[in-house]
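One letter stands for each residue in the lines below.
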Amino acid sequence: MAASDIYDAIILGAGGAGLMCAAVAGQRGRRGLVIDHADEPGKKILISGGGRCNFTNIGTAPDRYLSANPHFARSALSRYTAADFIALVDRYNIAWHEKTLGQLFCDGSAKQIVAMLLDECAAGDVTLHLRDAIRDVGHADGIFRVDYGDRTATAPALVIATGGPSIPKLGATGFAYDLARRFGLKVVEPRPALVPLTLPQDEALFHALAGVAAPVVARAGGASFAEAALFTHRGLSGPAILQISSYWRHGQPIGIDFLPGLANWLVEAKRTRPRATVKSVLSDLLPARLAEALAERLALPGALDEQRDAALAEIERRLADWQFHPNGTEGFAKAEVAVGGVSTDVLSSKTMAARHLPGLYVIGEAVDVTGWLGGYNFQWAWASGWAAAQDI
Ligand code: FDA
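If you're wondering where the values come from, they're calculated on a predicted model, not measured in any experiment.

Undergrad: Help me get a handle on the site of the ligand, residues and values and all.
TA: Taken together, 29 residues lie near the ligand, and Asp36, Asn54, Thr173, Glu365 and Phe378 sit nearest. Here an oxygen atom of the ligand and a backbone polar atom of Asn377 are 3.4 Å apart. When the free accessible area of the ligand is taken as 1,000 Å², the share hidden by the protein chains comes to 92%. Listed by contribution, the elements that provide at least two residues to the shell around the ligand are α1 (16–27), α2 (43–47) and α13 (376–391).

Undergrad: Describe the side chain of Glu330, and please don't skip the residues or the numbers.
TA: With respect to the helices and strands, the residue Glu330 is situated in the loop between β19 (328–329) and β20 (337–342). Those residues in contact with Glu330 that lie beyond four places of it in its chain are Val195, Pro196, Thr198, Thr232 and Arg234.

Undergrad: Give a detailed account of the side chain of Asp5, specifying residues and quantitative values.
TA: Within the fold, Asp5 resides in the segment before β1 (9–12). Of note is the side chain of Asp5, whose polar atom sits 3.1 Å from the side chain of Arg151. Contacts of Asp5, omitting those with residues within four sequence positions, involve Tyr148, Arg151, Thr152, Ala153 and Thr154.

Undergrad: Could you give me a rundown of the packing of helix α10 (residues 278–285) against helix α11 (residues 288–298), with the residues and numbers involved?
TA: Packing of α10 against α11 leaves a shortest axis separation of 9 Å and a crossing angle of 150°. One finds that α10 runs roughly antiparallel with respect to α11. Crossing angle aside, the handedness with which α10 passes α11 is right-handed. Contacts between α10 and α11 involve Val278, Lys279, Leu282 and Ser283 from the former and Ala291, Glu292, Leu294, Ala295 and Leu298 from the latter. Of the residues belonging to the contact of α10 with α11, the class tally is six nonpolar, one polar and two charged.

Rules of the game
- Residues numbered from 1 in each chain as written.
- Predicted model: local features only at pLDDT ≥ 70, side-chain atom pairs only at ≥ 80, totals over all residues.
- Heavy atoms only, no water.
- Near = heavy atom within 4 Å.
- Polar contact = N/O pair within 3.5 Å; in protein donor to acceptor, adjacent residues only side chain to side chain.
- Areas by Shrake-Rupley, 256 points an atom, 1.4 Å probe, with all protein chains shown as cover.
- Helix = DSSP H or I, 4+ residues; strand = E, 2+ residues; numbered from the N terminus.
- Contact = heavy atoms within 4.5 Å.
- Axes fitted to C-alpha atoms, helices over the stretch in contact; angles between N-to-C directions.
- Parallel < 35°, antiparallel > 145°, perpendicular 65-115°, else oblique.
- Left-handed = near helix turned anticlockwise from the far one by under 90°.
- Nonpolar A, V, L, I, M, F, W, Y, C, P; charged D, E, K, R; others polar.

Right, here's the structure in full:
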């Protein structure tokens with residue numbers, strides 16, 4: 001085997017986590033090889049945030065991540081913070097802005113983030129190999145071997161950074177899980193997250209609202225999010241729904257508060273506008289088509305002063321916790337991330353190293369750590385990549 005094929009670390013996957021890990025390890029003097037089957041690095045970075053990459057969130061905290069072990073992300077997130085990544089972005093003079101809820105985006109383009117990471121890799125003398133499939137991965141006598149294309153590389157450290165299966169058309173695969181299982185690591189069954197939910201056909205009234213959006217509070221699985229919801233031809237989307245989808249389980253309802261922050265509004269309206277109808281009062285508060293659909297479901301015709309206060313209060317309660325029964329999600333084809341992944345039970349939270357196999361690391365989305373919508377997932381990719389790089 002040619003000497004050039006011996007490395008200190010082989011990193012599988014040139015996404016956010018893999019590039020960060022390779023760059024930092026390289027700058028610490030480790031000889032790193034990154035292998036990716038895609039034709040360019042960082043494809044998910046390039047399409048993220050509508051092409052502007054929501055690269056971090058200044059509200060990053062462990063409780064904004066889902067994992068079988070809610071404490072696992074704490075160590076890496078506290079050692080490489082949003083402020084650290086912002087400092088890097090600033091060093092490259094990449095202009096950015098806060099859009100909403102602590103979400104930071106490039107003013108220009110996500111391409112700047114990929115270019116920055118590649119420059120950082122170059123500063124660490126990292127070798128990047130694209131466009132070839134990984135044919136086999138083996139381990140013997142403390143050395144990992146990776147066969148890719150028509151080459152073979154070996155190293156005492158192997159980093160699995162091939163992400164999750166969301167958006168397969170971008171080259172995403174479940175490779176990380178398969179490889180982890182081969183090395184005896186437990187995997188928490190992945191499911192689509194940050195994904196639109198679908199509604200059954202008998203919710204036709206709501207299917208007809210495709211394109212209508214409203215600020216709501218969405219609730220499921222003990223979580224709640226106050227953001228916009230959007231009706232689609234197939235069901236529900238928008239930030240509030242994407243967020244809640246990560247907590248939703250098949251068979252559960254989701255509750256939507258269509259009038260967050262309002263109390264006694266209908267009973268009050270009966271005093272001030274006795275001849276108004278539920279529909280006309282709703283039309284003042286919600287988009288007209290939504291008000292119409294909800295009023296039709298509530299089936300309470302006639303003027304408010306013809307209704308008992310108790311009946312109006314019941315309507316207020318229903319609109320504050322409208323029960324939808326999704327029959328599924330739009331799946332990995334549309335999901336931004338996966339919930340689940342390589343179990344945190346088998347990894348060190350400090351170094352991301354496999355507990356029983358020295359030299360093996362798992363970082364980024366491949367790990368059972370999933371952030372909220374809003375830059376949290378990239379911050380996990382940077383932080384977990386950085387943590388592994390300190391140990392390589
Ligand atoms: P990532 O998936 O980025 O990288 C894995 C790499 O491994 C890829 O380059 C892939 O080609 C390669 N690979 C996979 N299988 C392989 C195999 N078998 N052989 C060789 N290579 C293989 N997050 C956020 O914080 N802010 C945002 O704005 C967005 N926006 C967003 C939009 C959309 C449409 C999606 C789908 C996702 C987001 N996300 C996001 C989530 C974010 O993109 C995601 O969490 C990170 O990209 C995960 O980084 P990783 O490096 O772990 O995996």
